[in-house]
Structures are given as C-alpha cells and as structure tokens.
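Per-entry structural report
What follows is the residue order along each chain.
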Amino acid sequence: MARAVAVSVSVSISIFKSRELNLGQERCHTTTETGRSLQVFACSTHVSFKSRLQPSSFQIRGDLKGVEQHSWEKLICNCCWPPSGFFTALSEGASSRGHRLSKRLKRYAKYEDGPNLGWQWTPSSVRDTEVDEKNEGISKVEKADDDQDTSRDQVRQEQFNRFAMAMALDDDGMAEQVMQELGSPVKMSEMRKQVDGVTELEEQLQELYAEVNRMIEERDEDTARALIEANYESLIEQCEPGGQGVEHAAMLDILAQLRLTLGDFVEAEELLIQIRKILEKVGINSLHPLVDGILDHVGGMYTALGKPEEGLPFYLSSLDIQEEVLGQNSPLLVKTLLGLATTYTDLDENRRATETYQRVLAILERSRGSSDETLALPLSHLGHSLLEEGRVDEAELSMLRALRIVEKAFGSWDGRVGVATCALGRTKAARGEVSEAVALYRKGLQIMDGCGEFLDDDPTMETVRTDLAELLHMLEKNDEAEELWEENLRVKEQTLGPNDPKLVVHLQNLATAYAAVQKYEKCEPLLRRSLKLVSTHLGPNAPQISIPLACLATALHHLGKQSEAEPLARQAQHIREAAFGPDSLIVGEACNCLASILHSMGRNEEALTLMFRVLAIQEKELGPDSPEIGLTLEFLIMLLQDLGRTSDIQPLVERIQKLLRSQSQLGEVN
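Residues numbered from 1 in each chain as written. Predicted model: local features only at pLDDT ≥ 70, side-chain atom pairs only at ≥ 80, totals over all residues. Heavy atoms only, no water.

Under the annotation held in an unreviewed UniProt entry, the chain carries the name Kinesin light chain and is attributed to Sphagnum jensenii.

1. With respect to the packing of helix 14 (residues 415–430) against helix 15 (residues 434–451)
One can describe the packing of helix 14 onto helix 15 by two numbers: an axis separation of 8 Å at closest approach and a directional angle of 165°. Regarding the angle of helix 14 to helix 15, the classification is roughly antiparallel. For the pair helix 14 and helix 15, the sense of crossing is left-handed. Packed against helix 14, whose contacting residues are G415, V417, G418, V419, T421, C422, L424, G425, R426, K428 and A429, the element helix 15 presents V434, E436, A437, L440, Y441, K443, G444, L445, I447, M448 and C451 at the interface. Broken down by class, the residue content of the contact of helix 14 with helix 15 amounts to 13 nonpolar, five polar and four charged. (Axes fitted to C-alpha atoms, helices over the stretch in contact; angles between N-to-C directions. Helix = DSSP H or I, 4+ residues; strand = E, 2+ residues; numbered from the N terminus. Parallel < 35°, antiparallel > 145°, perpendicular 65-115°, else oblique. Left-handed = near helix turned anticlockwise from the far one by under 90°. Contact = heavy atoms within 4.5 Å. Nonpolar A, V, L, I, M, F, W, Y, C, P; charged D, E, K, R; others polar.)

2. Observations concerning the packing of helix 20 (residues 546–558) against helix 22 (residues 585–600)
Running from N to C, helix 20 and helix 22 cross one another at 20°; their axes reach a closest spacing of 10 Å. When the axes of helix 20 and helix 22 are compared, the pair comes out roughly parallel. Handedness of the crossing formed by helix 20 with helix 22: left-handed. Of the residues in helix 22, those touching helix 20 at A550, A553, T554 and H557 are C593, S596, I597 and S600. Grouping the amino acids of the contact of helix 20 with helix 22 by side-chain chemistry returns four nonpolar, four polar and no charged.

3. Thoughts on the pattern of salt bridges
Applying the stated rule across the entire model yields 39 salt bridges. Note that D393 is salt-bridged to R431, the shortest N-O span being 3.0 Å. A residue pair is termed long-range when its members are at least 10 positions apart, and D393 in helix 13 (residues 392–410) and R431 in the loop between helix 14 and helix 15 qualify at 38 residues. Classification of D393 by relative accessible area gives exposed; the value is 53%. Taking the shortest distance from any N to any O, the salt bridge between E487 and R490 comes out at 2.6 Å. Residue E487 and its partner R490 are both found in helix 17 (residues 478–496); the two are separated by three residues, about one turn of the helix. On the accessibility criterion, E487 (23% relative accessible area) is partly exposed. Since its relative accessible area comes to 32%, R490 is described here as partly exposed. Taken together, the shared-partner salt bridges connect E221, R225, E229, R259 and D264 into one network. (Salt bridge = Lys/Arg side-chain N within 4 Å of Asp/Glu carboxyl O. Buried < 20%, exposed > 50% of the residue type's maximum accessible area, 1.4 Å probe, protein only.)

4. Focus: helix 16 (residues 459–474)
In this model helix 16 runs 23 Å from its N-terminal to its C-terminal C-alpha over 16 residues, within 8% of the 22 Å that 1.5 Å per residue would give. Of all 16 residues in helix 16, 13 are buried, a share of seventy percent or more. Two or three places before T460, at the opening of helix 16, D458 has a side-chain oxygen 2.7 Å from that residue's backbone nitrogen. Positive phi appears at E476, one or two residues downstream of helix 16, with a value of about 65°. (Expected span 1.5 Å × (residues − 1). Polar contact = N/O pair within 3.5 Å; in protein donor to acceptor, adjacent residues only side chain to side chain.)

5. A few points about the packing of aromatic side chains
In total, this model carries one aromatic pair according to the counting rule given. An angle of 25° between the planes, with centres 6.1 Å apart, marks the rings of Y302 and F314 as stacked. Linking Y302 in helix 8 (residues 291–304) with F314 in helix 9 (residues 308–326), this pair joins segments that are 12 residues apart in sequence. What makes Y302 buried here is its relative accessible area of 2%. Directly above the ring of F410 sits R416, whose terminal nitrogen or CZ lies 3.6 Å from the centroid. (Phe/Tyr/Trp six-rings, centres within 6.5 Å; stacked < 30°, edge-to-face > 60°. Lys NZ or Arg CZ within 6 Å of the ring centre and 35° of its normal.)

Okay, structure coming up:
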C-alpha cells in the first residue's frame, strides 16, 4: 500500500512515494491520438523540405511515396516543463494583488537579470552570408521608441531591484515600502507565514515531477504511470464536492505534464479538460499567484497535442496577467512569449510568430546585451519563422548571428554549434545549394557525434540524420542516404524494442529510400512489419493503417504481385472513405493506387472509372488548372488508348497543353 505524504495548503494533496508501490500490471503504450491527423506515427518535418513525397500510391510513373515525417518527440515540448520555484504560491483564500506582486518580485530576485533559458534547439533554416564582424551584435529587431514606456519600465526595474535587495537582507521595512509604492501594501510578517505554509507543496510537487521523470529516463514507465495514478486518485478522494480550487488545478497540471511526457495523450487531454472546468468554475483570478503558470502550461500542452487553437487563449490570458504586474518588457515574460510564438507557428500565423520572437529578442537585448548566449534560441526560431514568410535574407542574418553567438559562448566543437551549423545547412538546401548544405550537415553531425552531449537516440540527432539523408538522396547519393535511414531504424529498435509503434515511421522511411532506387524486394518486409505494428496497436480499421496498406500495395504492384496488392489497395480506399469522406484528396490517392494495380491486371474499364473519380476530386479540391492534374490526365489518356477510345483523348490532350502553357508563363514571370 502506498504511503501518502499530506500537504496542507487550503486543500490536502498527497504525494505518493514510488518505491513503496507494488505493481503487477503489464507495460502498455498509448498510441492513439484522438482527433489527430492521419500521420500519427510520423517524425519531425521542417519547412525547407516541403518537397517531401506524401503518403500515397503513385501516379503512372510508379514511384513509391513515403510518409511525411513529424517528430513524435515534439509532443514533449519545452514550454510544458515547470521551472524551479514555479509553485511558490499562497493559499487560494489569501490571494491579493500584494501577494501576487510579492511573488513576482521574489521570483525576479531569484533570477536577478531574467530567466535562465533552457537550451533545446529546434534546427531552423538559414543561409550563410557575409556580415561585418562589427555588426555581429546588431539585431534587426525594431524597438519601440516610447519614452514614457521606457521611463515606466526603468522605475519598475528599480523597484524590483530594491525589493530583491530587501528580501536578500531580510529587511521587511524596505520590502513593505516598495510594496506600498506599487499600490499593494502588505505586512511582510503575515506574507511570510502564508508563503511558508505552501513551501512544502512546492517541494513535494517538484519531487514528484523529478521522480517520475527519473523513472521515465530509466524506462520504468509502469511504475511512473502507477505513481501518477496514485496521486490522481488521492487528489480526487480529498476533493470535497464544490471545493476544488486553483491548487487542485496546479496538481492536475503537473500530472497532465507527466502524462504527456509518457506519451499518454488521451489521459493528458482528459486532465486538461478537468483543469479547464476548475478554472471556469472558480474564475481566472489574475491576482492568484498560480494562475498564470497554469495557463502557460495548459496552452503549451494543447499546442503539443496538436491543438494550438485551443492553447492560444490560455497563452494570451497568461500574458495579459503577467503584463499587468510586470509591465511590457520584463524578462519574466520571455517563457510565455516563446510558447505563444510556437503556438502562432503551429497555427500558420507566421507574421504574428515573427513579431513575438522579435519582441523576445528586444526584451533580452535590453536586459542582457546584444551578444548574450540566451539570444541564440529565439534567434534560431526567428530565422525559421522568417523563412516561413519567405523573408530569406532576414532569416539568414538571424541564423548566422545565432551561430556566431554559440561559437563565441561555447567554442567551435560544442554540440550547440553542431546543431546551428546544420540549421545553416538547411537554408542552403532551401536555396537549392544542396552540395553546400550537405557539407554543412556533415560538419554539424561530426561536431554532434564528437561532443559527447548527444545520445544516438536523441531526437535532434535523428532529425539531422533524416535531413542529411534526404539531401544525399537529392544528389543521388543513395547508398549514403540508405545508411542514415538504416541507422535511424537501428537506434530506435535498440531504444524501443522491435514492437513499438514509433518504429513505423522509420520502417516506412527506409522502405521509401529503397523504393527510390527500385529495391522493392527490400521494401516489402519493412512495409509488412509496419502494417502489422499499426494494426496491432490501433486496430484493423484505424485511419492510420491506410498508409502502410497503400505503401505495401504499391511495392507489391512493382514486384508483379498484383493479386496480393489489389485487396490491400481496396482496404486502404474503404478505410479512407469511411474516415475522411468520399471526396477527400487522400481518398483520391487511394483510388489512384488501385487504378494502377487494375491497369497492370488488364482491367482498364475499372481503372478508368477510378481515375475519372480521381480527376473530379482533384478538380474540386485543387482547382481545374492545378499542375497536379497533369499526371492524372496522362494516365487517363493511356487508359483510353488501351481501350481504343481515341475520340475521347483530344479534350484531355488540350487540357494538358493548356496546363503546360500556364506553367511556362508562370516560370517566365518568376
């Protein structure tokens, strides 16, 4: 029986010690993602590689198309981790503006000149360029020239510094004077008693968080889940009807983050719903010291779960609350702003994301100077966001500046320099300078391999190998590309075992690499294994299963195994029709796959019917003049020729000619 450690703060929350739990359940993996896109198993993609082939069968050319990759690990995002000291809070009943300001000022005293930003690179894109060394530290961020705001910020900064000094010296008189100036008089003796009363809660929650993460690192996921469940059950037992408050939401917040870390997405979202209900019931009290942090975390978790539209209001509410207390330019806003910018990016609101990253840089430059190492992360993200907007030159300057900052701060052979070098390579690739991109990627990967900071299964290493493999494929260096895909699969198998559904994307990526050079005999076993994993973990009719079904059908088609390929292609078509409706593009892809197989079997009438359906879908979804229709028209012409229906061909030929003229004119304009 697990032992509960009671913490009294206005509610009693029990933190269970995992070492006293007796577990007997089997390990299981939650792999379903409710309401998510079709590519549930995929791994991380980047804007530079928009040309990746989509999961579908081929048109008449017959190239096996692979799964677009997304990062599974993306679901564990930096914005969800609670910073040390986050739960330094007052009891709900004792909340006041004075208490909230006191908490903020204490946190500011702890960080002194701003938050200590963690370093988690997401390689973005930027191209090398010539930049004057003397201008290296100059940001392109536009800074507001508002004397009144600057003066107000300076006054607030001075008050923060005085309060920090008072807290360090235990000078209650000075602290109370600052609080009086801020318009929130408070007796420090009373406040200290209330803060002391919740210190144990902070420590216990941080202990729980650290302990569960240690179990995850040690791959003891059963015990981690049991510990989370035990604490959840204890919390529910202690909640009196109608008595839930913000502290309950704070505990659920931690449990939701831990569920997300374990990949238990359904359970995490259920906890988020409970948090929302609590906040709706008690109201979002801007004076409560826990509220803004909870809002931050909820926003981050929804964004990580692929629902940024639900996360955005939480980030905005948190930012409003913090700005009310801290002003517009406090370094303490940076964490929330970074999460907000990520959410804008996921919503494809790239202009807003860019503006938010620029604001982060302005804040950090004002508080830390123009060459501080903490600028590198937002510079990298800014470069990526600018590239999304097509502002390549500005993105280039931003990423180059990030690279120079990390080189100066950490030395040329630090792992962060390797990642930044690869980011630069990605911009070379975006500009079509593939050979230069490969050289930078190789250099970056060499640094990352040699620095000792990255394990083989680190998501960043996986992303770099993935991008480099694709670049090598573009240069037709297929043997080297295959080695990198094989390495990705080998590392994942060693880490996860042979039957984990997260292997699916790596199996299909390697199969795609083999298919690119017509090694279909090597594709078949990989795709059969992929199909078995998806079917086992999601069931035979899950929408996600249509991807390996279509890919395997395509590979069998090229191996001449049409009788095996046909039922797989039909199954993929029926699953997609049920999941996405009869007129979706992804159904058109399945119809195209089946038509190719039927054509190989001499069943041209059936194939023709399917391809006219594909044409109708494409015209509806893409428009009648879309270049993608060209291949469909070519296939239709070939089928009509085989059927001897030559009189029906001329209109299709004229459409192709019109498309070619439009493309030629567009090329001349560009």
